[in-house]
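Structural overview for review
As a plain string of letters, each chain reads:
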Amino acid sequence: MSTRLAIAALIYMMVNAVVFGIGAVTVLSIPSLSENATVWLPTVVITSFVIAAPIAWYIAPHMRSRFHKTRP
């Protein structure tokens, strides 16, 4: 298993929780969406599982690097 994949797997659930939280707050705070929350919240759950994987894959190399910028 590559190091990037291992780091991405570790941070996947944290990213998933943040994406789900943003989606859930959005659904519950907009009145037109909260009327049909029984439809929208399962959609948010499924979407957060799918969207979290590429985000975690993108974040993984940044977690591995020691510094993002070179020091002057």
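Residues numbered from 1 in each chain as written. Predicted model: local features only at pLDDT ≥ 70, side-chain atom pairs only at ≥ 80, totals over all residues. Heavy atoms only, no water.

The next subject is the overall build of the chain. Counting its regular elements, the chain contains three helices and zero strands. For a compact globule of 72 residues, the expected C-alpha radius of gyration is about 11 Å, and the chain comes in at 16 Å, more than 25% above that figure. Per-residue burial for the chain yields a buried fraction of 21% across its 72 residues. Within the chain, contacts between residues separated by at least 24 positions form 72% of all contacts whose residues are at least 6 apart in sequence. As presented, the chain carries roughly 5,500 Å² of accessible surface, and 72% of it is formed by carbon and sulfur atoms. (Helix = DSSP H or I, 4+ residues; strand = E, 2+ residues; numbered from the N terminus. Rg over C-alpha atoms; globule rule 2.2 N^0.38 Å. Buried < 20%, exposed > 50% of the residue type's maximum accessible area, 1.4 Å probe, protein only. Contact = heavy atoms within 4.5 Å. Areas by Shrake-Rupley, 256 points an atom, 1.4 Å probe, with all protein chains shown as cover.)

What follows covers the nonpolar core. In this structure, Ile7, Ala8, Ile11, Tyr12, Val15, Ala52, Ala56 and Ala60 together form the largest nonpolar core, which totals eight residues. Secondary-structure elements contributing two or more residues to this core are helix H1 (3-29) and helix H3 (37-64). Examining the composition of this core, we find that five residues originate from one element, H1, more than from any other. (Core = buried A, V, L, I, M, F, W, Y, C linked by side-chain atoms within 4.5 Å.)

A separate point is the environment of Ala53. With respect to the helices and strands, Ala53 occurs in helix H3. Sequence spacing of Ala53 and Ala9 is 44 residues, and the spatial spacing of their C-alpha atoms is 8.5 Å.

Direction vectors running N to C along H1 and H3 enclose 140°, while the axes themselves pass 5 Å from each other. Classified by the angle their axes make, H1 and H3 are oblique. The element H1 and its partner H3 pack so that their crossing is right-handed. Of the residues contributing to the contact of H1 with H3, the split by class is 27 nonpolar, four polar and two charged. (Axes fitted to C-alpha atoms, helices over the stretch in contact; angles between N-to-C directions. Parallel < 35°, antiparallel > 145°, perpendicular 65-115°, else oblique. Left-handed = near helix turned anticlockwise from the far one by under 90°. Nonpolar A, V, L, I, M, F, W, Y, C, P; charged D, E, K, R; others polar.)

Moving on, we come to the confidence of the model for the chain. Mean pLDDT over the chain stands at 90; residues scoring 70 or higher make up 90%. By mean pLDDT, helix H2 (residues 31-34) is the weakest element of the chain at 91, and H1 is the strongest at 95. (pLDDT = per-residue confidence, 0-100.)

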